[in-house]
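# Summary of the model geometry
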Amino acid sequence: RAMMRREMDAVFSRVDVLLAPTSPTVAFKLGERSGDPLAMYLSDVYSVTANLCGIPAISLPCGRSRDGLPIGLQFLCGRFQEPTLFRVARAYEQNSGNRHVWPPEPGGLRR
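What counts as what
Residues numbered from 1 in each chain as written. Predicted model: local features only at pLDDT ≥ 70, side-chain atom pairs only at ≥ 80, totals over all residues. Heavy atoms only, no water. Helix = DSSP H or I, 4+ residues; strand = E, 2+ residues; numbered from the N terminus. Buried < 20%, exposed > 50% of the residue type's maximum accessible area, 1.4 Å probe, protein only. Contact = heavy atoms within 4.5 Å. Pairing = 2+ DSSP bridges. Axes fitted to C-alpha atoms, helices over the stretch in contact; angles between N-to-C directions. Salt bridge = Lys/Arg side-chain N within 4 Å of Asp/Glu carboxyl O.

Further remarks concern unusual backbone geometry. Its identity is not glycine, yet F80 carries a phi of approximately 65 degrees, on the positive side. Checked against the element boundaries, F80 lands in the loop between β3 (70-77) and α4 (82-96). Under the relative-accessibility criterion, F80 is labelled exposed at 70%.

What follows is the structure, encoded as structure tokens:
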């Protein structure tokens, strides 16, 4: 954990923000993986970096799959750099066209 923190500190000495996927797959349907704890765990594998390194991160929708399921991205930044993180996330939301990507509702997608 200390090694990861040092490596991330080195990264953030060169860049302000990292952009990464939130999950290795698109969102899954409610209850779809409840019988497979490993699949559930692996869905979070990309988001644990922030927790292990003690850095702030924010996840935002960035579109939908062909099946209409949400796709997420995350921004990560250096420790105590939340103001930068919020500015970047806001700028992304305002300029990406994804401000109104809502989760699917039973019986269809809300628009």
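Its location among the elements puts T25 in the loop between β1 (17-21) and α2 (37-43). Between the C-alpha atom of T25 and that of S43, which follows or precedes it by 18 residues, the distance is 7.0 Å.

A separate point is the environment of L85. Examined against the element boundaries, L85 turns out to sit in helix α4. Discounting chain neighbours no more than four positions away, the residues touching L85 are P56, A57, I58, F75, L76 and C77.

Moving on, we come to the sheet that holds β3. Pairing in this open sheet of three strands is antiparallel, and the strands run β1-β3-β2 from one edge to the other. Each end of this open sheet is capped by a strand with a single partner; those strands are β1 and β2 (57-64). Here the average twist between neighbouring strands, direction ignored, is 25 degrees. Inspection of the sheet shows β2 paired to β3 by seven bridges, in the antiparallel sense. Following the sheet pairing, L60 is matched in β3 by L73. The sheet contacts of helix α1 (residues 2-12) involve β1 and β3, and relative to β1 the element is tilted by about 120 degrees. Contacting β1, β2 and β3, α4 crosses the sheet at an angle of about 10 degrees to β2.

Take the pattern of salt bridges next. Per the stated rule, a full pass over the model turns up one salt bridge. In this structure, R79 engages D9 in a salt bridge whose closest nitrogen and oxygen atoms are separated by 2.4 Å. A residue pair is termed long-range when its members are at least 10 positions apart, and R79 in the loop between β3 and α4 and D9 in helix α1 qualify at 70 residues.

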